[in-house]
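Coordinates in review
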Amino acid sequence: MTDTFDHAPQVWTAGQLRRALEALPDETPLHVGVADGPGDFDGYSEYAVVDLEPVEKDIPGSRSDSGRTTVEFTLFVDYKAGQYERDPA
């Protein structure tokens, strides 16, 4: 049997993000470090922020046919600029 644990990171608000960015020039590129595992930033993958979109999601615990949704704003990230080998299709 595998050991499990609850992982509940604090999700930043838009205000927290604004305060963190306020001293940066407008031209500053933003990157995101993605943890290798829950809370594990010793080794992380780095991606470039490319978009911010409102994403409509079902409200947890509601039936998918109830039509009850919420909107979460999601930063979308892509691989950093560079040269990559194409995945064989």
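Quick notes on the rules
Residues numbered from 1 in each chain as written. Predicted model: local features only at pLDDT ≥ 70, side-chain atom pairs only at ≥ 80, totals over all residues. Heavy atoms only, no water. Patch = residues over 30% accessible without salt bridge, like charges linked within 9 Å, V, L, I, M, F, W, Y side chains within 5 Å. Areas by Shrake-Rupley, 256 points an atom, 1.4 Å probe, with all protein chains shown as cover. Salt bridge = Lys/Arg side-chain N within 4 Å of Asp/Glu carboxyl O. Helix = DSSP H or I, 4+ residues; strand = E, 2+ residues; numbered from the N terminus. Buried < 20%, exposed > 50% of the residue type's maximum accessible area, 1.4 Å probe, protein only. Phe/Tyr/Trp six-rings, centres within 6.5 Å; stacked < 30°, edge-to-face > 60°.

1. Concerning a nonpolar patch on the surface
- Together, Trp-12, Leu-17, Leu-52, Val-71, Phe-73 and Leu-75 make up an exposed nonpolar region whose accessible area comes to about 620 Å².
- No other element matches the 3 residues that strand 3 (residues 69-79) contributes to the nonpolar patch.
- Assignment of secondary structure puts Leu-52 in strand 2 (residues 40-58).
- With relative accessibility at 49%, the residue Leu-52 sits in the partly exposed group.

2. Comments concerning the packing of aromatic side chains
- Under the criterion given, the structure shown has 2 aromatic pairs.
- Residues Tyr-47 and Tyr-79 carry aromatic rings whose centres are separated by 5.3 Å and whose planes lie at 65 degrees to one another, so their mutual orientation is edge-to-face. One end of the pair, Tyr-47, is in strand 2; the other, Tyr-79, is in strand 3, with 32 residues separating them in the sequence.
- Exposure remark for Tyr-79: the relative accessible area of 55% places this residue in the exposed category.

3. Side note on the pattern of salt bridges
- Taken as a whole and assessed by the stated rule, the structure comprises 2 salt bridges.
- Between Glu-46 and Lys-80 there is a salt bridge whose closest N-O contact spans 3.7 Å. Of this pair, Glu-46 sits in strand 2 while Lys-80 sits in the segment after strand 3, and the two are 34 residues apart along the sequence.
- Relative accessible area serves as the criterion here: at 35%, Glu-46 is assigned to the partly exposed category.
- One salt bridge in this structure joins Lys-57 and Glu-72, with 3.0 Å as the shortest N-O distance. One end of the pair, Lys-57, is in strand 2; the other, Glu-72, is in strand 3, with 15 residues separating them in the sequence.
- You can call Lys-57 partly exposed: its relative accessible area is 36%.
- On the accessibility criterion, Glu-72 (39% relative accessible area) is partly exposed.

So yeah, pure geometry; function would need other evidence.
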